[in-house]
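Residues per chain are reported as follows:
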Amino acid sequence: MARCCSSPGLLSVVVTAFVAACGGGSKNAGVDARAVAASDAAADERASDASEDASSDFGLLADAGARDVANDGTVDSRSLYGGADSLDLNGGEVDGLWHLDPSHPLSLQAPTFAQRSHPLTPTGLWATSLESPRPTNAFWMNLVLDKGDQRINVVPYHVKALAAGLAVAFPRLVVADSSVTTPDDPQWLMGAVETLGTHQVTAYDDLSVTVTWTASQGSLGAPLVYGMPYVSTLFDGLTPHLQAASGVAIATVNGGASAGSLTADALTVTLNNGQTWRIYSSKTVTWTWSSSEITASSVFSGWIRLAYQATAATAEILDRHAGAIPTGGSADLSAVGDVGTVRFDWQSTGTGDLLMMALPHHGARLSASTATETMTLPSLSGTLTSVVGSSWTLRYPLSSITWTAPRVTDSSAQSDLQAALQADANFSPNEMTDPYFGGKQLAKLARLVLIAREQNLGSLAASMTTKLAAAIEPWLDGSNDDPLVYDTTWGGIVSTKGLADSAADFGQGYYNDHHFHYGYFVYAAAVLAREDATWAAAHADKVLCLIRDIANPSTADAWFPRVRNFDWFVGHSWAAGLFSFGDGRNQESTSEAVNAWYAVELFGRARQDEALTNLGRILRAMEVASAQTYWQIPDASAIYQAPFKSHHAVGVLWQTKADFTTFFGNNPAYIYGIQMMPFTPATEDLLARAWIADATTQIAAAASGETSDGWKGFMTMAKAVVDPSAALAESRALTSYDDGNSKTNTLYWIATRPK
């Protein structure tokens, strides 16, 4: 994708060539070899094209026209995203290969909701060239919210943009019973002798953000790229100054314990906390040092890089790759059949082979031909491994589960199921509620429609479809009590009450939880579109606006940012919007995130839109994989250590900590249940059998200690993964259900579990 950039002075610097000192699994586990080969070949060709177009000059990354689009009306995404085309690969053709082209939006049409401005205007921490639509949930939002001085996690480092420069920490883990935390204690401040001005975010893309400080004499820039094993800063006419953070002291430099000066392009520095760091410069620098700082003797233009050295062997690897500097990256999507390929193409400058660090879920899906090094690093999300090369190819099996469960209902539950369905058909959603609970109720009714249709109860399905249309239309046409509107300031669909009050609607007006909320709406709309093509044609534009709000895949959509909630590198979504948190971004309910991407897929299927279908399938597969890696904790997981591991689940995952809790209470049933709801056919892919089996004792205890049948019901449905007969018997004691669930849906789930 094009990188959104401004044009600060530092970007025009011609960088001297860097001189180094020394030279989970989802349900569909099988992967079709032909599809893999086809997808990899296409990805290789696209990466080659991108490599030819890319410049190694950091200053040439700016693309002032990245957001320019033609204003010629609505575009059918099926004609823009390649569809099931045949690409010519090395003289041959691959049938059925779909490739996402981010330069083509799902639609060029302006949102058909009333327009409003947002009371929270962007701070001056955004470069003036970075206009709406702006990211609201990106991993780096702490750099532009409030004072912009809270930390972000760029894996493996935690960094903060301060007035004096970039604070850098290699985090330590503190494991407790109900949390795993990483204290906010940086080791370094990378700055300049000269006084720096306020930082600004001057560029961003799928995998990075660039921060720039401007002084009267020059500038300092830092491309913060996910997975960077070095923290890199680009100086233009300033004097580098590396200061030991509070409570940290420099013990030795290049083996010497006496403060003084030395001239080198690489330093080995030990700290009094036992850490060892390497410092690299793109040309030889004369440094003076003391226990509190390392300072260059004169102004400098070029790169200064800082890297945590875990072992002596790590030093050799860091030296070997110190010349290649990552500056950004893009995510490229393609699919062939039931195989999705996600390719990271890293932008870099300098010389040599690029070294980056991969998370555990990457390692499980990287192409077998990927080059690696032996360097590993600990992190909140498990052990990071080192990968060499300018691109990564990640392969995800795509689920074949669509509208219904992949097996018929068990005959022993058939009578109870149909009786429940007749009773539940009387349910009507409440229009006088917020988008979250309103969306859940719409999706609840949509589930009943699908189950009725599957049970060959056509007239019942038709009557509920009519009721569903009448319930969702006030949300789409703005005639309900809390109308949805288009926010012109940030670029998104928000609720009227949420816009007026940041605490209303779960912070929805400030972009909290949009994928949770709109996922339910899109699911309901997908069912309506499947049932009634006329309704779909009349309301597709409004539904597409909700999809564009949470899952717009294009860099050329003038109205919505690219994939607002989803984070390509960590492989999951961030729910937090325009709120600054000391612990960074967070997400609570992975299951509601999965539901959002499942809903996008289903709407695509209902509309026979291959772009939406494959986009939803890939996002769904990625979210499931990361949920199973970082939220679900089976016995075999090595992500978290005891005693936290004994809970078998994460309730809220932040950038810098994992909590066994929820935002609405500490009841264990809440914590497990929020990672399960809503139960749909897609839940089969999400709830790993090994996880439920290993957490059986904890889930049973959560159920016995819970007074609400709504949450108990989710524990019962989870039990059905490993023991459907016992779950069916247990379900007969339930007298009420969560407002997004029903007796019918509970019985359907249990009755369609594999024996």
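What comes next concerns the included structure. (Residues numbered from 1 in each chain as written. Predicted model: local features only at pLDDT ≥ 70, side-chain atom pairs only at ≥ 80, totals over all residues. Heavy atoms only, no water.)

Notes on the packing of aromatic side chains
Okay, so step 1: As enumerated under the stated definition, the model contains 40 aromatic pairs in all.
Okay, so step 2: Seen from their ring centres, W392 and F569 are 6.1 Å apart, and the 40° between their planes marks the pair as tilted. Of the two residues, W392 is situated in strand β26 (residues 391-397) and F569 in the loop between β29 (566-567) and β30 (572-573); the sequence distance between them amounts to 177 residues.
Okay, so step 3: For F569, a relative accessible area of 0% translates into the label buried.
Okay, so step 4: With centroids separated by 5.4 Å and ring planes inclined at 70°, the aromatic side chains of Y436 and F506 adopt a geometry described as edge-to-face. One end of the pair, Y436, is in helix α6 (residues 435-454); the other, F506, is in the loop between α8 (496-500) and α9 (514-531), and 70 residues separate them in sequence.
Okay, so step 5: For Y436, a relative accessible area of 10% translates into the label buried.
Okay, so step 6: When the ring centre of Y230 is taken as reference, the NZ or CZ atom of R305 above it lies at 3.9 Å.
Okay, so step 7: In this arrangement the basic side chain of K657 is found over the ring face of W654, its NZ or CZ atom lying 5.3 Å from the centre. (Phe/Tyr/Trp six-rings, centres within 6.5 Å; stacked < 30°, edge-to-face > 60°. Helix = DSSP H or I, 4+ residues; strand = E, 2+ residues; numbered from the N terminus. Buried < 20%, exposed > 50% of the residue type's maximum accessible area, 1.4 Å probe, protein only. Lys NZ or Arg CZ within 6 Å of the ring centre and 35° of its normal.)

Concerning the side chain of S399
Okay, so step 1: Residue position: S399 is located in the loop between β26 and α5 (411-424).
Okay, so step 2: There is a polar contact of 3.0 Å between the side chain of S399 and the backbone nitrogen of I401.
Okay, so step 3: Looking at S399, its side chain comes within polar contact range of the side chain of R620, at 3.1 Å. (Polar contact = N/O pair within 3.5 Å; in protein donor to acceptor, adjacent residues only side chain to side chain.)

Some points on the environment of A443
Okay, so step 1: Looking at the secondary structure, you find A443 in helix α6.
Okay, so step 2: On the accessibility criterion, A443 (7% relative accessible area) is buried.
Okay, so step 3: Between the C-alpha atom of A443 and that of Y523, which follows or precedes it by 80 residues, the distance is 6.2 Å.
Okay, so step 4: Once you skip the residues sitting within four places of it in the chain, A443 turns out to touch Y520, Y523 and A524. (Contact = heavy atoms within 4.5 Å.)

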